[in-house]
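# Architecture at a glance
Each chain, letter by letter, is given below.
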Amino acid sequence: VVKFYRPGRWSREAILEEHRFLFDLAEAEIPACAPIVFPDGDSLHDVEGIAYAVWPRVGGRSPDELSDEDVEILGRLVARIHNVGAARNVVARPTLGAQRDARESLAFLEERGFLPARVAARYRSAVERVAARYDDVSRRVPAFRIHGDCHHGNLLRGRSGWFFLDFDDFVLGPAVQDVWMLLPGRDEEADRQRDVFIEAYQTFRAFEPQWLALVEPLRVEEGDRMVAVK
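So, here is what we can say about the structure in this document.

Cut-off values and rules
- Residues numbered from 1 in each chain as written.
- Predicted model: local features only at pLDDT ≥ 70, side-chain atom pairs only at ≥ 80, totals over all residues.
- Heavy atoms only, no water.
- Helix = DSSP H or I, 4+ residues; strand = E, 2+ residues; numbered from the N terminus.
- Rg over C-alpha atoms; globule rule 2.2 N^0.38 Å.
- Core = buried A, V, L, I, M, F, W, Y, C linked by side-chain atoms within 4.5 Å.
- Buried < 20%, exposed > 50% of the residue type's maximum accessible area, 1.4 Å probe, protein only.
- Contact = heavy atoms within 4.5 Å.
- Salt bridge = Lys/Arg side-chain N within 4 Å of Asp/Glu carboxyl O.
- Expected span 1.5 Å × (residues − 1).
- Disulfide = S-S within 2.5 Å.
- Patch = residues over 30% accessible without salt bridge, like charges linked within 9 Å, V, L, I, M, F, W, Y side chains within 5 Å.
- Areas by Shrake-Rupley, 256 points an atom, 1.4 Å probe, with all protein chains shown as cover.
- Lys, Arg positive; Asp, Glu negative; His and termini not counted.
- Charge placed at Lys NZ, Arg CZ, Asp CG, Glu CD.
- Bend = angle between axes of the 7 residues up to and from the residue.
- Pairing = 2+ DSSP bridges.
- Axes fitted to C-alpha atoms, helices over the stretch in contact; angles between N-to-C directions.

Summing up its helical and strand segments, the protein chain has seven helices and seven strands in all. Ordered by position in the sequence, the α and β elements of the protein chain form the string β-α-β-β-α-α-α-β-β-β-β-α-α-α. The C-alpha atoms of the protein chain give 18 Å as radius of gyration, which agrees with the globular expectation for 230 residues (17 Å, within 12%). In terms of principal-axis extent, the alpha carbons of the protein chain reach across some 55 × 45 × 30 Å.

So, in C-alpha cells, the structure goes:
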C-alpha cells in the first residue's frame, strides 16, 4: 500500500519521526503497521515533491463494538505502545494541548470570519473556559509519544489479532487521549468499559484516575480543531 503525504502538512523530519515511532513499536513486537524500508535504507521517498512511503498490506476489519475481552486486550496493547512512546523524545511533532488545539483554532476561525456574529462571543467564551480547564489539569499529567488518533477506524482485527494503523497524527500528549478516542461514549456502559480498559492498561503502565478529568476538554478541543481544519 503506497501512502502519499499531503504537501505542506508535515515536514520530512516529522514524517520520519512517525516512521521511527513505528519501527520502535515493531521492534517491541507491538502490532502496528510500519513502513517498508527501501533498498537505499530510507523509508521515505518523493516524486515531484510529494513524499510517499510503502506499507505492507494487512487484512482485517475495523470493529463496530468492543467486548470486554477486546477492551482488556487493547488496554494492555495501548499501555505497551505508551511505554515505547515514552522511551524516545521528538522535536518535529506538535504537543497536544490548549494552545494549538483550542486557542489557535479559535483564532483561525475568528480571523477568517467563520463564526456567525450571534454566537461568536459565546463560542469564544466556551473555548477559553475549556482551554483554561485543560491547562489547569494537564500541568500534572505527563506527555509523550501517543497514537493521537486512536479510534475504531484506525484498528483492524484479523486472523492474527489486532493491528493499530495510521500514526500520521501522532503527537506528544497525555495517555488519556488514546483512551477516550477508543471508548468515546458518555453513558454508564462507556464509563464501565473505560474502567475495564484502565485496569488492563495498568498491567504494563501506571494510569492515574484523575487524568480522566482531561477527557471532556480533549473532546471539545478535538472538535474545535476539526472545525478549524474544515
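Of all hydrophobic cores here, the largest spans 60 residues; its most connected members are L25, L74, F164, F167, F197 and F207. Of the residues forming this core, the biggest block, seven residues, is contributed by helix α2 (residues 68–85). Contacts of F207, omitting those with residues within four sequence positions, involve A175, V176, V179, I198, Y201, Q202 and L212.

Here we take up the pattern of salt bridges. Applying the stated rule across the entire model yields 23 salt bridges. Among the salt bridges present, the one from R93 reaches E18, with a minimum N-O distance of 3.8 Å. Pair noted here: R93 is in the loop between α2 and α3 (98–111) and E18 is in helix α1 (residues 12–27), with a separation of 75 residues, a long-range link. For the residue pair R93 and E18, the accessibility class agrees, reading buried in each case.

What follows is about α1. Its 16 residues give α1 an end-to-end C-alpha distance of 22 Å, which sits within 8% of 22 Å, the value for a rise of 1.5 Å per residue. Among all positions of α1, only A14, I15, E17, E18, H19, F21, L22, D24 and L25 are buried. On the buried face of α1, the contacting elements are β1 (2–4), β3 (50–54), α2 and β4 (144–146). Trailing α1 by a residue or two, E29 shows a phi angle of about 60°, which is positive.

Let us now look at the state of the cysteines. Counted under the stated rule, the structure contains zero disulfides. No disulfide involves C33; its nearest neighbouring cysteine sulfur is the one of C150, lying 14 Å away. Given a relative accessible area of 2%, C150 falls into the buried group.

As a further point, take unusual backbone geometry. Comment: phi is negative for the bulk of residues other than glycine, and the bulk of peptide bonds are trans. Phi at E48 takes a positive value of approximately 50°, unusual for a residue other than glycine. Here E48 lies in the loop between β2 (45–47) and β3. Using a relative accessible area of 80% as the deciding quantity, one classes E48 as exposed. The phi torsion at D166 lies on the positive side, around 55°, for a residue other than glycine. By relative accessible area, D166 is classed as partly exposed at 36%.

Turning our attention to a negative patch on the surface. Negative charge collects at one region of the surface, where E69, E72, D195 and E199 lie side by side. Mapped by element, the contributors of at least two residues to the negative patch are α2 and α6 (188–201). Mapped onto the secondary structure, E199 falls in helix α6.

A rise of 1.5 Å per residue sets the reference length of α3, with its 14 residues, at 20 Å; its end C-alpha atoms lie 18 Å apart and thus fit the reference within 8%. A bend of about 25° at E104 is the largest found in α3. Every buried residue of α3 is accounted for by A98, D101, A102, S105, L106 and L109. Positive phi shows up at G113, right after α3, with a value of about 70°.

What the three strands build is an open sheet, ordered β1-β3-β2; its pairing is antiparallel. A strand with exactly one partner marks an edge of an open sheet, and here the two such strands are β1 and β2. Across the sheet, the axes of successive neighbouring strands diverge by a mean angle of 35°, strand direction being ignored. Of the pairings in the sheet, the one linking β1 to β3 comprises three bridges and is antiparallel in character. Residue K3 lies in a different strand from β3, and its bridge partner there is A53.

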